[in-house]
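# Architecture and fold: a report
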Amino acid sequence: MGCPEVEITEEVQKALNDFAKVILFNHGKSEIKEESHEVLNEIVKILNAYPSAKFSIEGHTDSIGSYAFNQKLSEERAQSVLDFLVENGVDASRLKAVGYGERRPIATNMYKPGRAQNRRVEINLVK
């Protein structure tokens, strides 16, 4: 049998989401900005350190624009991140992309700083 897998700690989960928070996209698009490739490569290293763990890549938007547009955009952005990870060596069977649109805000959408926080990608361990 192989070595037992090390469990993903809260610190590792936090590091993943700290990295994921800085993934940038062009406004209203799902293309990942070039300057985000370095941080995505760090995410690849973390995911590959836990080869049997499964992860959910979750896209979120602010509430500007239509509900339908935001839902579609969040799905496309999550898929773009998943595609990048797979293209760079993460096994696709360990990943799933989900878009939540504007349904799970972490800050108010009333002001610009809150909207910026709500536009994000999260990468979470699937337990």
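It should be noted that the structure appears before, not after, this text.
For the structure given in this document, a descriptive report is provided here. Here the structure is a predicted model, which means the values were calculated and not measured.

Another point: the sheet that holds strand S3 (residues 120–126). Strand order in the open sheet formed by 3 strands is S2-S1-S3, and the pairing between neighbours is mixed. Across the chains shown, the open sheet's two edge strands, defined by having one partner strand only, are strand S2 (95–99) and S3. Across the sheet, the axes of successive neighbouring strands diverge by a mean angle of 20°, strand direction being ignored. Alignment of strand S1 (residues 54–60) against S2, held across 5 bridges, turns out to be parallel. Residue pairing for S2: Glu-58 is matched across the bridge by Val-98.

Structurally, Asp-91 can be placed in the loop between helix H3 (67–87) and S2. Remark: the alpha-carbon pair of Asp-91 and Pro-105, spanning 14 residues in sequence, is separated by 29 Å. Here the side chain of Asp-91 touches Ser-93 through a polar contact of 3.0 Å, landing on its backbone nitrogen.

Cut-offs used in this document
- Residues numbered from 1 in each chain as written.
- Predicted model: local features only at pLDDT ≥ 70, side-chain atom pairs only at ≥ 80, totals over all residues.
- Heavy atoms only, no water.
- Pairing = 2+ DSSP bridges.
- Helix = DSSP H or I, 4+ residues; strand = E, 2+ residues; numbered from the N terminus.
- Axes fitted to C-alpha atoms, helices over the stretch in contact; angles between N-to-C directions.
- Polar contact = N/O pair within 3.5 Å; in protein donor to acceptor, adjacent residues only side chain to side chain.

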